[in-house]
Amino acid sequence: MLLRTFARSKVGMGRMALSSLKAKKTGITVNGVEVTVRYILRAGDIVRLEIEDLHSSAGVEPFDAPLDIIYEDSALLCINKPPFLAVHPVKKLRGDTLAARVTAYLPSPYVFRCATRLDRDTSGVVVISKNRVAASKISGLLALHDGRFKKKYILIVRGAFPENSEIRGEISLNIRRVPGNPIKRETIEKKSDIAGSENDPEGCFALTKYRVLVSVNGYHLVLVNPVTGRTHQIRAHFAGIGLLPLGDALYGEESRLIGRQALHCLSVSFPHPETGDDVVAVAPVPEDFRVCAEALFGAEYVKYFSAALNAELN
């Protein structure tokens, strides 16, 4: 077997990850000897792929602050991200970010590779790869949209859902950038099955499944499963069908009950990139979300949706 084939099909390295090894002096060796990806492997050969990072992420300065670690092993780190913490640094936001906290936590050098990204004001599970092979495998899995990588969110919206706590459905609307607005997205009716891009006039394919857990006085607590992972997908999709995400100044309406969008990534489950075993990471509902839900739905409803969430997760 060609070493290139072995690295991609057996190890799971992507094209870019493999190309980066080719540029290293000892990036790819067989039995201690430097070889190219065209080397033909034989039984008993010992292959070493030097996947360790040589340099840390550019523009990310380590920031020593607590991390709420849900799951960790040699390949993965699952964090319960608090609200109001950005994942990546941007020009106007340096210092304390999730990337900076993880960079301070892990041995240097380290490149921050976030498999699932949350908006600054969204809380919950974030999956981070510790090396490029794990990152490549998870990225490939996410791109399939075949249900093996599952994300579950809870969201509070206001709008025209029927008063029925068992309602289920899905939203299949393409998502595109709003012209002239670098941040906001909008929905558009799907005209073809081509995946497309956010920059295309017809947008890119996006699919969100949901189940309404509780409805009171026009407010609804929704369990959401985004099948695809587009930017602002959940918020844009619900706004696109006339349901306003609570506390969301961009897609819904601000609220005195919560100082951010009432959106929390409750759980993520997927096959481990190295072993194939099931990984399940669950982030408890944060305090501000719980207080908001109690105010809207009452103690009995909170008790009900807690039981419903446990049933879904188990």
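Not measured: the values here are computed from a predicted model.

Next up on the list: the overall build of the protein chain. On a plain count of helices and strands, the protein chain comes out with six helices and 16 strands. A compact globule built from 314 residues would reach a C-alpha radius of gyration of about 20 Å, and the protein chain, at 22 Å, matches this within 12%. C-alpha extents for the protein chain along the principal axes are approximately 70 × 45 × 40 Å. A sequence separation of at least 24 residues applies to 65% of the contacts in the protein chain between residues at least 6 apart. When the accessible surface of the protein chain is totalled, it reaches about 15700 Å², and 52% of it is carbon and sulfur. In the protein chain, which carries 41 positive and 34 negative side-chain charges, the distance between the mean positions of the two groups comes to 6 Å.

Averaged over all residues, the pLDDT of the protein chain is 90; the fraction at 70 or higher stands at 95%. Confidence, read as mean pLDDT per element, is least for helix H2 (residues 15-22) in the protein chain (81) and greatest for strand S5 (residues 76-81) (98).

With that settled, consider the nonpolar core. Counting residues in each nonpolar core, the largest one holds 45 residues, and the members touching the most others are Ile-128, Phe-161, Phe-238 and Phe-270. Ignoring sequence-local partners within four residues, the contact set of Phe-270 consists of Leu-76, Val-127, Ile-138, Leu-141, Arg-148, Phe-149, Asp-277, Asp-278 and Val-279. In terms of nonpolar packing, the next biggest core, distinct from the first, is built from 20 residues, Ile-154, Ala-262, Ala-293 and Leu-309 among them.

As a further point, take the pairing of strand S4 (residues 69-72). Bridging between S4 and S5 involves three bridges; their strand directions are antiparallel. Pairing of Tyr-71 across the sheet is with Cys-78, part of S5. Counted between consecutive antiparallel strands, the loop separating S4 from S5 contains three residues.

On the surface, Arg-4, Arg-8, Arg-15, Lys-22 and Arg-38 cluster together into a positively charged patch. At the level of elements, helix H1 (3-11) and H2 are the ones that each hand at least two residues to the positive patch. Inspection of the secondary structure puts Arg-15 in helix H2.

By the definition in use, this model includes 16 salt bridges. In this structure, the salt-bridge partner of Arg-290 is Glu-287, at a minimum N-O distance of 2.5 Å. A residue pair is termed a helical-turn pair when its members lie 3 or 4 positions apart in one helix, as Arg-290 and Glu-287 do in helix H6 (residues 287-313) at three residues. Using a relative accessible area of 30% as the deciding quantity, one classes Arg-290 as partly exposed. Looking at Glu-287, the relative accessible area reads 49%, which means it is partly exposed.

Buried residues dominate helix H5 (residues 233-240), accounting for six of its eight residues. Of the residues making up H5, those classed as buried are Gln-233, Ile-234, Arg-235, Ala-236, His-237 and Phe-238. Taken from the residues just after H5, Gly-242 is the one with a positive phi, measuring 85 degrees.

It is worth spelling out helix H3 (residues 98-105) at this point. Counting buried residues along H3, six of its eight residues qualify, which places the element largely inside the surrounding structure. Of the positions making up H3, those classed as buried are Leu-98, Ala-99, Ala-100, Arg-101, Val-102 and Thr-103. The elements touched by buried residues of H3 are S5 and strand S7 (123-129).

This part takes up the sheet that holds strand S3 (residues 47-49). Strands sit in the order S2-S1-S3 across an open sheet of three strands; the sheet is antiparallel. Sheet topology places strand S2 (33-34) and S3 at the edges, where each strand pairs with a single neighbour. Relative to S3, strand S1 (residues 28-30) is paired through three bridges, and the arrangement is antiparallel. For Thr-29, the partnering residue across the bridge sits in S3 and is Arg-48. This element, H1, spans S1 and S3 of the sheet and lies at about 70 degrees to S3.

Moving on: the side chain of Asp-248. Position of Asp-248 among the secondary structure elements: in the loop between strand S14 (244-245) and strand S15 (263-271). Its relative accessible area of 1% is what places Asp-248 among the buried residues. In this view, Asp-248 contacts Arg-235, Glu-253, Glu-254 and Gln-261; residues no more than four positions away in its chain are not counted.

The rules behind the values
- Residues numbered from 1 in each chain as written.
- Predicted model: local features only at pLDDT ≥ 70, side-chain atom pairs only at ≥ 80, totals over all residues.
- Heavy atoms only, no water.
- Helix = DSSP H or I, 4+ residues; strand = E, 2+ residues; numbered from the N terminus.
- Rg over C-alpha atoms; globule rule 2.2 N^0.38 Å.
- Contact = heavy atoms within 4.5 Å.
- Areas by Shrake-Rupley, 256 points an atom, 1.4 Å probe, with all protein chains shown as cover.
- Lys, Arg positive; Asp, Glu negative; His and termini not counted.
- Charge placed at Lys NZ, Arg CZ, Asp CG, Glu CD.
- pLDDT = per-residue confidence, 0-100.
- Core = buried A, V, L, I, M, F, W, Y, C linked by side-chain atoms within 4.5 Å.
- Buried < 20%, exposed > 50% of the residue type's maximum accessible area, 1.4 Å probe, protein only.
- Pairing = 2+ DSSP bridges.
- Patch = residues over 30% accessible without salt bridge, like charges linked within 9 Å, V, L, I, M, F, W, Y side chains within 5 Å.
- Salt bridge = Lys/Arg side-chain N within 4 Å of Asp/Glu carboxyl O.
- Axes fitted to C-alpha atoms, helices over the stretch in contact; angles between N-to-C directions.

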